[in-house]
Protein chains: 2
Amino acid sequence: MKIAVLGMGTVGTGVVKVLNTNKEKIQSLIGGDVTITHVFAKNVDKARDVDLSDIEITDDINDIYNADIDAAVEVMGGIDHTYEIILQLLNKGVHVVTANKDLLAERIDDLTAAANENNVHLNYEAAVAGGVPIIRTIENSLNANQISEVMGILNGTTNYILTKMTVDGWSYDDALEDAKEKGYAEADPTNDVEGIDALRKIVLLSRLSFNKKVDIKDVPSTGISNVDATDIQLAKDLGYIMKLVGIGKYDDSISASVEPIFFKADHQLASVNYEKNAVYVNGNAVGETMYYGPGAGSLETASAVVSDLIHVLTHPARGNFQPDEEAVIENKAVEYQYYLRFDDTEEEVKKALVGKDIGHKLSTASGAVVAVTEKLNENQLEDVLEGLNAKAQYPVIGDE
Amino acid sequence: MKIAVLGMGTVGTGVVKVLNTNKEKIQSLIGGDVTITHVFAKNVDKARDVDLSDIEITDDINDIYNADIDAAVEVMGGIDHTYEIILQLLNKGVHVVTANKDLLAERIDDLTAAANENNVHLNYEAAVAGGVPIIRTIENSLNANQISEVMGILNGTTNYILTKMTVDGWSYDDALEDAKEKGYAEADPTNDVEGIDALRKIVLLSRLSFNKKVDIKDVPSTGISNVDATDIQLAKDLGYIMKLVGIGKYDDSISASVEPIFFKADHQLASVNYEKNAVYVNGNAVGETMYYGPGAGSLETASAVVSDLIHVLTHPARGNFQPDEEAVIENKAVEYQYYLRFDDTEEEVKKALVGKDIGHKLSTASGAVVAVTEKLNENQLEDVLEGLNAKAQYPVIGDE
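Quantities reported herein were computed from a predicted structural model and do not represent experimental measurements. (Residues numbered from 1 in each chain as written. Chains lettered and ligands numbered in written order. Predicted model: local features only at pLDDT ≥ 70, side-chain atom pairs only at ≥ 80, totals over all residues. Heavy atoms only, no water.)

Teacher, can you tell me more about the sheet that holds strand β6 (residues 122-123) of chain B here?
Neighbouring strands of a sheet are bound in pairs by backbone hydrogen bonds; such pairs are parallel or else antiparallel. Residue and element names in this part refer to chain B. If you walk across this open sheet you meet the 6 strands as β3-β2-β1-β4-β5-β6, and the pairing is parallel. Of all strands in the sheet, those with a lone pairing partner are β3 (56-58) and β6, marking the two edges. In this structure, strand β1 (residues 2-6) lies alongside strand β2 (residues 35-40), joined through 5 bridges in parallel fashion. Across the sheet, the residue bridging to I3 is I36, located in β2. (Pairing = 2+ DSSP bridges. Helix = DSSP H or I, 4+ residues; strand = E, 2+ residues; numbered from the N terminus.)

Put into structure tokens, the structure is as follows:
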């Protein structure tokens, strides 16, 4: 089997290493050799820490289009230009394995349509939660279920920052700086800390779990750049841990969002720390399940890419998953408990909440007035906050 | 597609319910109806809480052999008799989905050989960790890895008991009684509490993870019936949580066992509580991953059975996983830290450990003398214990 690898950065070199290191096992699974015949890279002559001798390295995409390959691995990133490349390859009957969540979150339905027309695979296990096997798990192992909820810690950078703030009591700025030094955050961390990366992944997970096309523009996301360390510590004392999560729910309608949420400390997601990712899936037969592991990394992500590669090279294409209908995303009816910190006196808060008949627990430890309410929808929350000065408000999960 | 269900107990009725409740989704995945045409049950006339009208219910296995079916679901349990039945079905070209770990742990290689000869599927996702998708995950999603370790909380009954002893401070007897009342433990709990059920599952996981035939007689198992609540509480104060785990490791050789182990509280397995199961897998590319969910239950287990059923009805058989070589199980070289509780004085213990140059932490809280050692293999441990009166000894994981 001959393949091309498009992009020779962190994940691309990881793919080469995994194919080399585990060569014998992969050979026996595929029933033959997998040979990288072509690499597409911007910088052809760059020194890399993998051996690419005997491989044609090119910066001309036509060399890839003209190559005699069974499958292409796209790990170069980018959206519009990369879309055209993948589309061309699918149209040429080449299976495509991609880790590109930025592109897929915008265009997966178009690419899937092209793949299905050409009867080839389009696999993307590595695009969500890195090395954690979640795409094929939902598609093939939880498929006897109607899934009612999919929820994940989908971004290692923000989980690292929040863990540092929670466990070690660091400020947001110090934790971000540390994440940059450790290579978990990029120089411009916007996509991570503003929740955009997690948004792309929850769009893909919701689409797959609920069998609907999901327009990324319909899903609101809030990041962690405005999180105050005060709230993390106050909530920790009350037994809650903040995580930035993507959530999709399906009841009569679909809701989806990315936002910081406080989990009760004994919730499985609460103990997913530092750069790790995890996805929690609730199905109507299996109930609650969770999948935990590395959300990024060279070999870690390559583990998912190469498992996709083995799949596309050993299974006949039988139609990639493709929803027919568009999802209508409607978050107003979703009910959460809420953590609320007020700039009012205990008496004012108590009076207001009692007056509005809102079940709650009040805490005034450390001088701050904090309430954790019963479950409220968006309108009810607005009503609760009216006339009070809330300095912070976060949903709470797991406190029933 | 026509199927037979063999056994109409907890899991069998769950399978009927899942096929009914999620009928439309399953139809669309299979591209047609799945119809249960036959049920094999000892008691044909028994009242059941599922509708079996239009299904031929029989206590004569020949009716199943003579039926025109595509697949059979075996959820009746039993070993020798059930082996013959499954073998006959495979030889007749019928795909088999089974949840029967008791049988598989003894005979999976024989049954797989028969399935492969007849070019049919033998799937068993539900046999390990109930609803948690772990078999197909290891086989299809972690297959780019060499797996070095597979470790799991594989028995909900013992995990429930240990959780009650740890979290609520209960005695073993009280916790067992409670587990029986809640339906987590059987009247005769031997297979669960002595680690036999977990043993069967770690045999299946080790075989799959390390690509070797594993003889269940080669794998030692220790249960929890001799665990003293004292040790659970002493260790808890030191930050360790006891779990009964099946462990398989593959380095130069293979080691495997079932035993109670203390995990550092921040280990992912430490927070898997009550009747839940979880499997931790370490691969040379992906690193540490974990899979969490329900280890038993009617619909929960049926989730895995029906996903297998969808698989066998939609994928051509292409050879079930079948290792060639026998594993040589060798546990002597495995190194663990150890929790040791002594009936000696602090001075005696300290003197002995220092004299033998064994790194350790000593604790004398609550009057008990407890040491947590550096990593030791079996011989070194024996050497440490010589001349001292150890009342308890357990491996410790996660304290590096």
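Teacher, can you tell me more about helix α4 (residues 80-91) of chain A here?
Because an α-helix completes one turn every 3.6 residues, residues spaced three or four positions apart along the sequence face the same direction. All names here are of chain A. In this model α4 runs 17 Å from its N-terminal to its C-terminal C-alpha over 12 residues, within 8% of the 16 Å that 1.5 Å per residue would give. Looking only at α4, the buried set comprises T82, Y83, I85, I86, L87, L89 and L90. Positive phi shows up at G93, right after α4, with a value of about 80°. (Expected span 1.5 Å × (residues − 1). Buried < 20%, exposed > 50% of the residue type's maximum accessible area, 1.4 Å probe, protein only.)

What's the story with a negative patch on the surface in this structure? I'm lost.
On the surface, a cluster of negative charge is contributed by A:E330, A:E378, A:E382, A:D383 and A:E386. Here A:E330 shows up in the loop between α12 (298-314) and β12 (337-342). (Patch = residues over 30% accessible without salt bridge, like charges linked within 9 Å, V, L, I, M, F, W, Y side chains within 5 Å. Areas by Shrake-Rupley, 256 points an atom, 1.4 Å probe, with all protein chains shown as cover. Salt bridge = Lys/Arg side-chain N within 4 Å of Asp/Glu carboxyl O. Lys, Arg positive; Asp, Glu negative; His and termini not counted. Charge placed at Lys NZ, Arg CZ, Asp CG, Glu CD.)

Where do I start with the UniProt feature "binding site: NADP(+)" (unreviewed entry) in chain A in this structure?
Residue and element names in this part refer to chain A. Under the local residue numbering, the UniProt record ascribes the feature "binding site: NADP(+)" (unreviewed entry) to L6, G7, M8, G9, T10, V11, G12 and T13. Checking the named residues against the second largest pocket, the ones that line it are G7, M8, G9, T10 and V11. Structurally, M8 is set in the loop between β1 (2-6) and α1 (10-21). Once residues lying within four places of it in the same chain are set aside, the contact partners of M8 are T13, V16, V39, F40, A41, R48 and L52. For T13, the location among the structural elements is in helix α1. What makes T13 buried here is its relative accessible area of 9%. Leave out the neighbours within four places in its chain, and T13 touches M8, D49, V50 and S298. (UniProt positions renumbered as here; feature names shortened; annotations may be inferred. 1 Å grid on protein atoms, 1.4 Å probe; cavity = no way out; pocket = protein on both sides within 12 Å on 5 of 7 lines; lining within 4 Å. Contact = heavy atoms within 4.5 Å.)

How should the relation of the copies chain A and chain B be read in this particular structure?
Here the two chain copies are tied together by a rotation about an axis and a shift along that axis. It takes a turn of 180° to lay chain A on chain B, together with a shift of 0.0 Å along the axis; the resulting RMSD is 0.0 Å. Here the copies are linked by what is in effect a two-fold axis. Of every C-alpha in chain A, the one belonging to A:Y291 sits nearest the axis of rotation, 2.4 Å from it. Of the residues that chain A buries at the interface, 100% are likewise interface residues in chain B, meaning the two copies contact each other through the same surface. (Least-squares fit on C-alpha atoms with pLDDT ≥ 70 in both.)

What am I meant to see in the layout of surface pockets here?
By rolling a water-sized probe across the atoms, one finds the places where empty space is left. Residue and element names in this part refer to chain A. Computed from the structure, the second largest pocket encloses a volume of approximately 1,400 Å³. Every residue lining the second largest pocket is counted, 50 residues in all, and those nearest its centre are T10, V11, V75, K101 and E186. For the lining of the second largest pocket, the residue count by class is 15 nonpolar, 20 polar and 15 charged. (Points joined across faces, edges and corners; volume = space filled by probe spheres on them. Nonpolar A, V, L, I, M, F, W, Y, C, P; charged D, E, K, R; others polar.)

Honestly, the packing of helix α4 (residues 80-91) of chain B against helix α5 (residues 101-117) of chain B in this entry has me stumped. Any pointers?
For any two helices packed against each other, one specifies the inter-axial angle together with the distance between the axes. Residue and element names in this part refer to chain B. Orientation of α4 relative to α5, taken along the N-to-C sense of each, is 20°, at an axis distance of 10 Å. In terms of axis orientation, α4 runs roughly parallel to α5. Classified by chirality, the crossing of α5 by α4 is right-handed. Contacts between α4 and α5 pair D80, T82, Y83, I86, L87, L90 and N91 from the former with L103, R107, D110, L111, A114 and A115 from the latter. When its residues are assigned to classes, the contact of α4 with α5 shows 8 nonpolar, 2 polar and 3 charged. (Axes fitted to C-alpha atoms, helices over the stretch in contact; angles between N-to-C directions. Parallel < 35°, antiparallel > 145°, perpendicular 65-115°, else oblique. Left-handed = near helix turned anticlockwise from the far one by under 90°.)

I keep staring at the interface of chain A and chain B and nothing clicks. Help me out?
By a widely used convention, the size of an interface equals the accessible area lost when the partners come together. Counting from both sides, the interface comprises 40 residues of chain A and, opposite them, 40 residues of chain B. For the pairing of chain A and chain B, the buried interface totals around 3,700 Å² over both sides, and the portion due to carbon and sulfur atoms is 48%. Across the chain A-chain B interface, the total number found is 0 salt bridges. On the surface where chain A and chain B come into contact, there are 17 residue pairs in polar contact (both at pLDDT 80 or more). Secondary structure elements with two or more residues in the side of chain A that touches chain B: α1, α2 (23-30), α6 (135-141), β11 (287-294) and α12 of chain A. By residue class, the composition of the side of chain A that touches chain B is 16 nonpolar, 18 polar and 6 charged. Sheet topology note: the β11(A)/strand β11 (residues 287-294) of chain B ladder contains 3 bridges and is antiparallel. Bridge pairing in β11(B) links A:Y292 to B:M290. (Buried area = accessible area lost by both parts, 1.4 Å probe. Polar contact = N/O pair within 3.5 Å; in protein donor to acceptor, adjacent residues only side chain to side chain.)

Sorry, what's going on with the pairing of β1(A) here?
Consecutive side chains along a regular strand alternate between the two faces of the sheet. All names here are of chain A. Counting buried positions along β1 gives 4 out of 5 residues, so the element sits mostly inside the fold. Relative to strand β4 (residues 71-74), β1 runs parallel, the two being bridged by 4 bridges. Paired with I3 across the bridge in β4 is A71.

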